[in-house]
Amino acid sequence: MKMTAIIPARGGSKGVPKKNIIMLGKHPLIAYSIAAAKMSTMIDDVVVSTDCKEIAEISKRYGAEVPFLRPKEISQDNSTDIEFFCHYIEFCRDTGRELTEYLVHLRPIVPLREVELLDAGIKSLLSDSEASSMRSVYPTGFSPYKVFWMQDEYLKGFFPDDPRPEYHNLPRQQFPQTFIPNGYVDVVRVSTIDQSALYGDNMLGFATYKVPDIDTIEDFYEANELLSDERFSLLVQYLEKYI
């Protein structure tokens with residue numbers, strides 16, 4: 001079964017300007033996601049969806065396809081993920097480009113991936129016929145049952161229908177393990193998107209570990225220190241041919 005990876009990389013970024021092409025080690029940030037996709041045994045095509053010509057040229061240099069420049073109106077700070085997916089799907093249908101049943105979402109702000117783990121995430125969705133999508137997550141050390149919001153200076157729990165009196169005072173072991181999406185690898189179905197949903201009702205979880213999510217310059221420093229980690233040695237070695 002053929003599978004396409006979509007790497008979204010808009011040019012605008014208020015926190016770190018042109019974040020997607022700032023150098024991480026010896027390569028621009030986006031190169032790491034392109035390399036992981038090209039090393040994958042499950043991914044056949046690697047497409048970068050960007051509105052920026054400079055990002056497009058760099059992406060092509062590292063082996064990705066950039067068949068279009070994404071419209072500016074869906075490349076804003078408040079633009080949603082489903083918009084660029086819908087744009088890609090529409091582009092394929094309008095131009096006759098092959099549209100695979102599954103689309104792998106690789107965010108360039110998560111540069112460090114083990115390819116075997118990436119492939120395992122994709123396989124987890126393929127082995128579950130009832131899943132509408134898959135999202136990678138990592139376990140969080142806190143529970144939302146312990147979190148409050150404030151109304152008129154009074155604390156309110158987020159689970160008012162919980163039948164347990166003052167449930168938020170219970171030991172954390174009595175609450176379910178919770179997870180946070182980490183962008184390591186997500187997979188969506190075109191059929192789910194055709195129903196105006198990105199992930200659908202049966203979102204399969206794939207647990208990984210926490211990895212750097214590049215949002216600030218400090219995050220670049222953290223990721224740079226991990227480049228020597230044995231887990232990412234194959235990824236770094238693969239990119240050496242582009243030096």
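For the structure, see preceding data.
Quick look at the structure, then.

Analysis parameters
Within each chain, residues carry numbers counting from 1 in the order of the written sequence. Where local features are concerned, this predicted model is filtered to residues with pLDDT of at least 70; where side-chain atom pairs are given and counted, the filter is 80 or more; whole-chain, interface and lining totals use all residues. Neither water nor hydrogens contribute to the side-chain values; these are computed over all heavy atoms in the structure. Residues belong to one nonpolar core when they are buried, are Ala, Val, Leu, Ile, Met, Phe, Trp, Tyr or Cys, and are joined through side-chain atoms within 4.5 Å. Accessibility here uses a 1.4 Å probe with only protein chains present; expressed as a share of the type maximum, an area under 20% marks a residue as buried, one over 50% as exposed, and anything in between as partly exposed. Counting from the N terminus, the helices are the DSSP runs of H or I reaching at least four residues and the strands are the DSSP runs of E reaching at least two. In this analysis, two residues are considered to be in contact whenever any of their non-hydrogen atoms come within 4.5 Å of each other.

Turning our eyes to something else, we now look at the nonpolar core. In globular proteins that are soluble, nonpolar side chains generally tend to be buried together. One finds Ile30, Ile43, Val104, Leu106, Ile122 and Val185 to be the most contacted residues of the largest nonpolar core, which totals 49 residues. Looking at this core, the elements that each hand over two or more residues are β1 (3-8), α1 (29-39), β4 (45-49), α2 (53-61), β5 (102-105), α4 (115-126), α6 (217-226) and α7 (233-239). Here this core takes 8 residues from α1, the largest share from any one element. The contact partners of Val185, leaving out residues within four places of it in the chain, are Val104, His105, Leu106, Leu118, Ile122, Met134, Arg135 and Ser136. Judged by nonpolar contacts, the second largest core, of 14 residues, contains Val47, Tyr88, Leu103 and Tyr199.

Further remarks concern the environment of Ser49. Its place among the elements puts Ser49 in strand β4. For the pair Ser49 and Phe84, spaced 35 residues apart in sequence, the C-alpha to C-alpha distance is 7.3 Å. When sequence neighbours within four positions are dropped, the list of residues in contact with Ser49 reads Ile6, Ile7, Pro8, Ala9, Phe68, Arg70 and Phe84.

Look at Glu153: it is not a glycine, yet its phi comes out positive at around 70 degrees. Along the chain, Glu153 turns up in the loop between β7 (148-151) and β8 (154-157). Positive phi, close to 65 degrees, is recorded for Ser196, a residue that is not glycine. As for its position among the elements, Ser196 is in the loop between α5 (190-193) and β11 (203-207). For Ser196, a relative accessible area of 66% corresponds to the exposed category.

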